[in-house]
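Breakdown of the fold
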Amino acid sequence: MHARRTRRVVLPAWGPLQQAISTALNDGPAELPRVYIDTTYSLPAGNVWTATNTSDNNAAGTGTGNRTGCGFQYALNNCALGDVIQLTNGAVYTGKFNCPNKGAGSQWIYVMPSDASFLPAPTTSLSAISSPLVPATHFASMPVIQHPATVNYDFEPALGCSGGAHHFRFVGIEFRPTYTEGRLLPSLVWLGRNSSTGNRWSDPAQLPHNFTFDRCYIHGYADYHVTCGLRLDGNYMAAVDCYFDELKNGVQDNQTINVINGYGPFRISNNRLRSTGEVIIFGGAGIPITNLLPADIHIFNNEFSWDPAWEDQAISYWNESVMETRNLILKNLLEFKTGDRVLIERNRFRDCWTNPGHSTQQGQGIYIVDGDESAPDWSTSRNVTVRYNDVRRVGSGFMVASNQYLQPDITPPKKISCHDNVFEVEDRGTFFSSGWRFTSNQLDDYLFEHNTVVLTKTDSNYQTSLYDIDAVITNCTVRNNIFVGEKAFRQSTGGRSPLSDPFGDCWPGGSVLNNVFVSKVASGESGDPAWVMPATNTYDRSASFPANVSTIGFVDFVNGNYRLDAGSAFKNAGTDGKDLGADLDLVAA
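Reading the values: the criteria
Residues numbered from 1 in each chain as written. Predicted model: local features only at pLDDT ≥ 70, side-chain atom pairs only at ≥ 80, totals over all residues. Heavy atoms only, no water. Helix = DSSP H or I, 4+ residues; strand = E, 2+ residues; numbered from the N terminus. Buried < 20%, exposed > 50% of the residue type's maximum accessible area, 1.4 Å probe, protein only. Contact = heavy atoms within 4.5 Å. Core = buried A, V, L, I, M, F, W, Y, C linked by side-chain atoms within 4.5 Å. Pairing = 2+ DSSP bridges. Polar contact = N/O pair within 3.5 Å; in protein donor to acceptor, adjacent residues only side chain to side chain. Phe/Tyr/Trp six-rings, centres within 6.5 Å; stacked < 30°, edge-to-face > 60°. pLDDT = per-residue confidence, 0-100. Salt bridge = Lys/Arg side-chain N within 4 Å of Asp/Glu carboxyl O.

Section: the overall build of the protein chain
- Scanning the protein chain from N- to C-terminus turns up three helices and 50 strands.
- Expressed as a percentage of the 589 residues in the protein chain, the buried residues total 61%.
- When contacts within the protein chain are restricted to residue pairs at least 6 apart in sequence, long-range pairs at least 24 apart make up 79% of them.

Some words on the nonpolar core
- Phe72, Ile85, Phe170 and Phe213 are the most contacted members of the largest nonpolar core, which has 96 residues in total.
- Judged by nonpolar contacts, the second largest core, of 17 residues, contains Val484, Val516, Phe570 and Leu584.

Things to note about unusual backbone geometry
- Cis geometry is adopted by the peptide bond preceding Pro265, which originates at Gly264 and carries an omega value of 0°.
- Backbone geometry places Asp420, a non-glycine residue, at a positive phi of 55°.
- Within the fold, Asp420 resides in the loop between β37 (414–419) and β38 (422–425).

Describing the pairing of strand β19 (residues 228–232)
- Burial runs high along β19: five of the five residues are buried.
- Where strand β13 (residues 189–191) lies against β19, three bridges are found, and the strand directions are parallel. Looking at the pairing, Trp190 lines up with Arg231 of β19.
- In terms of strand pairing, β19 meets strand β22 (residues 255–259) through three bridges, oriented parallel. Within the sheet, the bridge partner assigned to Leu230 lies in β22 and is Ile257.

Let's talk about the pairing of strand β32 (residues 348–352)
- The element β32 is extensively covered by neighbouring structure, given that five of its five residues are classed as buried.
- Across three bridges, the pairing between strand β27 (residues 303–305) and β32 is parallel. Looking across to β32, one finds that Glu303 is bridged to Arg348.
- Relative to strand β35 (residues 390–394), β32 runs parallel, the two sharing four bridges.

Remarks on the side chain of Asp233
- Along the chain, Asp233 turns up in the loop between β19 and β20 (235–240).
- The class for Asp233 is buried, based on a relative accessible area of 0%.
- A polar side-chain atom of Asp233 sits 2.8 Å from a polar atom in the side chain of Arg200.
- Those residues within four positions of Asp233 in sequence are excluded, and the remaining contacts are Trp190, Leu191, Gly192, Arg200, Leu207, Pro208, Val259, Ile260, Asn261 and Gly262.

Digging into the packing of aromatic side chains
- Inspection of every chain in the model, using the stated rule, returns 24 aromatic pairs.
- With a centroid separation of 6.1 Å and an interplanar angle of 20°, the aromatic rings of Phe398 and Phe423 are classed as stacked. Of the two residues, Phe398 sits in strand β36 (residues 396–401) while Phe423 sits in strand β38, which places them 25 residues apart along the sequence.
- Judged by its relative accessible area of 1%, Phe398 falls in the buried class.

As for the confidence of the model for the protein chain
- When pLDDT is averaged along the protein chain, the result is 83, and 79% of the positions lie at 70 or above.
- Here residues 1–23 is modelled with pLDDT under 50, and outside its nearest four sequence neighbours on either side it reaches 65 contacts, counting other chains as well.
- Confidence drops under a pLDDT of 50 for residues 124–131, and excluding neighbours within four residues, the segment shows 20 contacts in the predicted structure.

Brief notes about the environment of Asp583
- Take Asp583: it is sitting in the segment after β50 (561–564).
- Here the alpha-carbon distance between Asp583 and His419, two residues 164 residues apart in the chain, equals 9.1 Å.
- The residues contacting Asp583, other than those within four sequence positions of it, are Asp420, His450 and Lys578.

Notes on the pattern of salt bridges
- Enumeration over the complete set of coordinates arrives at 27 salt bridges.
- Two residues, Arg387 and Asp27, come together in a salt bridge whose shortest N-O distance is 2.7 Å. Taken as a pair, Arg387 in strand β34 (residues 381–387) and Asp27 in strand β1 (residues 26–27) lie far apart in primary sequence, 360 residues in all. Residue Arg387 shares its accessibility class with Asp27, and that shared class is buried.
- A salt bridge links Glu449 to Arg479, with the nearest nitrogen and oxygen atoms 2.7 Å apart. Of the two residues, Glu449 sits in strand β40 (residues 443–449) while Arg479 sits in strand β43 (residues 473–479), which places them 30 residues apart along the sequence.
- Look at Glu449 and you get buried, because its relative accessible area is 4%.
- Judged by its relative accessible area of 8%, Arg479 is buried.
- A single salt-bridge network, built from bridges that share partners, covers Asp296, Asp340, Arg341 and Arg382.

Pasting the structure below:
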């Protein structure tokens, strides 16, 4: 039986990569992060640089050390660890700025507004559940770092860094491109790019480390293509309390945050994250450092979403000398193609759909897979814990896949723990929608427990609460869940049918125990869980679906309150004495 032990330990913000908790704790089969980043705000006591010159970024200032009235790049080049760079509130700093390597040391350089009184107080606790986002009415008070964007596809970012640069914190800064209708900018911020080659570093010693983006506003425009807001290819990287918006693309996949080439740890917390493509992705391209696998990743208390207005939207694109119209590319909210010791908790996922002409995937809330056609053999996802998340109005809730690109030596995802989540799926009939979906073979060591899975549409053959596609999965435990959907379970055996024991042959060592399935499918039909699954569950199948959902005893099914009322037969009915389904006291509201 998989046991959960969830004590957290916070280590200092920087140490050798080998610095870790020697007695790492697990959540079910998944190992939890060994290192957590402490992003406590602590203003340095060093020299203050007032970078008020917005017309010449390299201009020296006046006074002691030429620190007064200088250009922003001059301040970046000449400040020391422990200094503060002040940018003028509301001023626009246009350029492609670089954070130099300041040599040995662990003091931070803060880049912030000259008057930061408009900012809400910073988050101080790893367990914070409220986000101190800057109110939109205060964005005008932020200094602006603006990419000049004088040409299309300019791969130099608005903010980059030298090899090995470290200990920069950006506080209350707006990042944006210069507006030109239909233009495409690959990156607003890219840390870990070798400016000499334009590629990611292949030498681990050159990776940047200790960068934090705190209460920043990172965005594009309504008809402008931005491929990525933050590329964090380094170690000890954090984005906290930030606001990402209007990061859209109709030309290529895009993200608010992308991580490919960094060892970790990573902290992404208390952010509002809105983009097309994949809102956040780990992986998705080649990893130049051999055997690198991003690890110790903590993603908590964020809001992931698409703007509902994007559903049928097309925007202008300046293609060479022709202005075209491109449909927005819509895929998934959170996607892992590479990562180890990942903790995804207390996030809200909203409005991720499937739409012909825009979507090429199922609109997953959370998608775990092993690399892609450009990834090296070692790239995989493992030790992933997904807990206390509220996932609603999505095309599919949670999907785990292996070897989607038929690579010969791929390492499948393994050791996945998913518990105490709400997955509310809104099927639109374009793809097979599912609450939990897993595909391909060689999957191993999964726990899916105390989740509430609800598929809301009642007139579609595409809906399946639990969907096994051609999968052989060993040591899989499905326990104490509530599944509601037209088809409670669907299994495709990938040409191996007929099987004398479909459940035993496809799920060796598996256990499906003490779940409740409420569905429309009659006994004996394909998709009926009793057809392939043990009888140690509760099945309620009725042509009157969804009227038979009332047998569960939700407080208010129609309005999405999935708590069990006091008279429910499934209250305190778990094998652990808890209510079946998710513990909604722990799930993000």
